Amino acid sequence: MDMDHDRQLLIRAELSDLLDALRLTTFDSSPLQFLVRLEAIRQTAIAHNFAAVAEIASVFEATMQRVIEFGGADSVIGGFTGILDDAIGCSQLSPAVTQSLLASVAVRLPH
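Cut-offs applied
- Residues numbered from 1 in each chain as written.
- Predicted model: local features only at pLDDT ≥ 70, side-chain atom pairs only at ≥ 80, totals over all residues.
- Heavy atoms only, no water.
- Helix = DSSP H or I, 4+ residues; strand = E, 2+ residues; numbered from the N terminus.
- Rg over C-alpha atoms; globule rule 2.2 N^0.38 Å.
- Buried < 20%, exposed > 50% of the residue type's maximum accessible area, 1.4 Å probe, protein only.
- pLDDT = per-residue confidence, 0-100.
- Salt bridge = Lys/Arg side-chain N within 4 Å of Asp/Glu carboxyl O.

**A few points about the overall build of the chain**
The secondary structure content of the chain amounts to five helices and zero strands. Ordered by position from the N terminus, the helices and strands of the chain form the series α-α-α-α-α. A compact globule built from 111 residues should have a C-alpha radius of gyration of about 13 Å, and the chain, at 14 Å, falls within 12% of that. Projected onto its principal axes, the C-alpha coordinates of the chain cover approximately 50 × 30 × 15 Å. In the chain, which comprises 111 residues, the share counted as buried stands at 36%.

**Some thoughts on the confidence of the model for the chain**
With 90% of its residues at a pLDDT of 70 or more, the chain shows a mean pLDDT of 87. Helix H5 (residues 95–108) is the least confidently modelled element of the chain, averaging 71 in pLDDT, while helix H2 (residues 31–47) averages 96, the highest of any element.

**A word on the pattern of salt bridges**
If you walk through the whole model with that rule in mind, you get four salt bridges. Between Asp-85 and Arg-23 there is a salt bridge whose closest N-O contact spans 4.0 Å. In this pair, Asp-85 sits in helix H4 (residues 73–89) while Arg-23 sits in helix H1 (residues 3–23), placing the two residues 62 residues apart along the sequence. Given a relative accessible area of 37%, Asp-85 falls into the partly exposed group. Here Glu-61 ties to Arg-42 by a salt bridge, and the two come within 4.0 Å at their closest N and O atoms. One end of the pair, Glu-61, is in helix H3 (residues 51–70); the other, Arg-42, is in helix H2, with 19 residues separating them in the sequence. Among the ionic contacts, a cluster of salt bridges with common partners joins Asp-20, Arg-23 and Asp-85.

Structure, rendered in structure tokens:
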């Protein structure tokens, strides 16, 4: 087996586990825990050179900061967790693909 491929699979599994934990956290009852778990996804992605996942998590976090002020957590969380799941599963994410995934969040969110 290719060691790099195995390493990528392990990192994807770790990121998927972190995303599952995030999904189990209710933002309305525990916003701090939610944001801490989101930060863990971002930091893990940075540590393992998953730049696209890290960028998406960063935009997600900034959006959740606005949710604290204006509301709408459920639609934001649903859109971004789906995008993070897609990004974690992609084998190669170029900057263009990352931007496309982020643009798809706008389509998924209600206006």
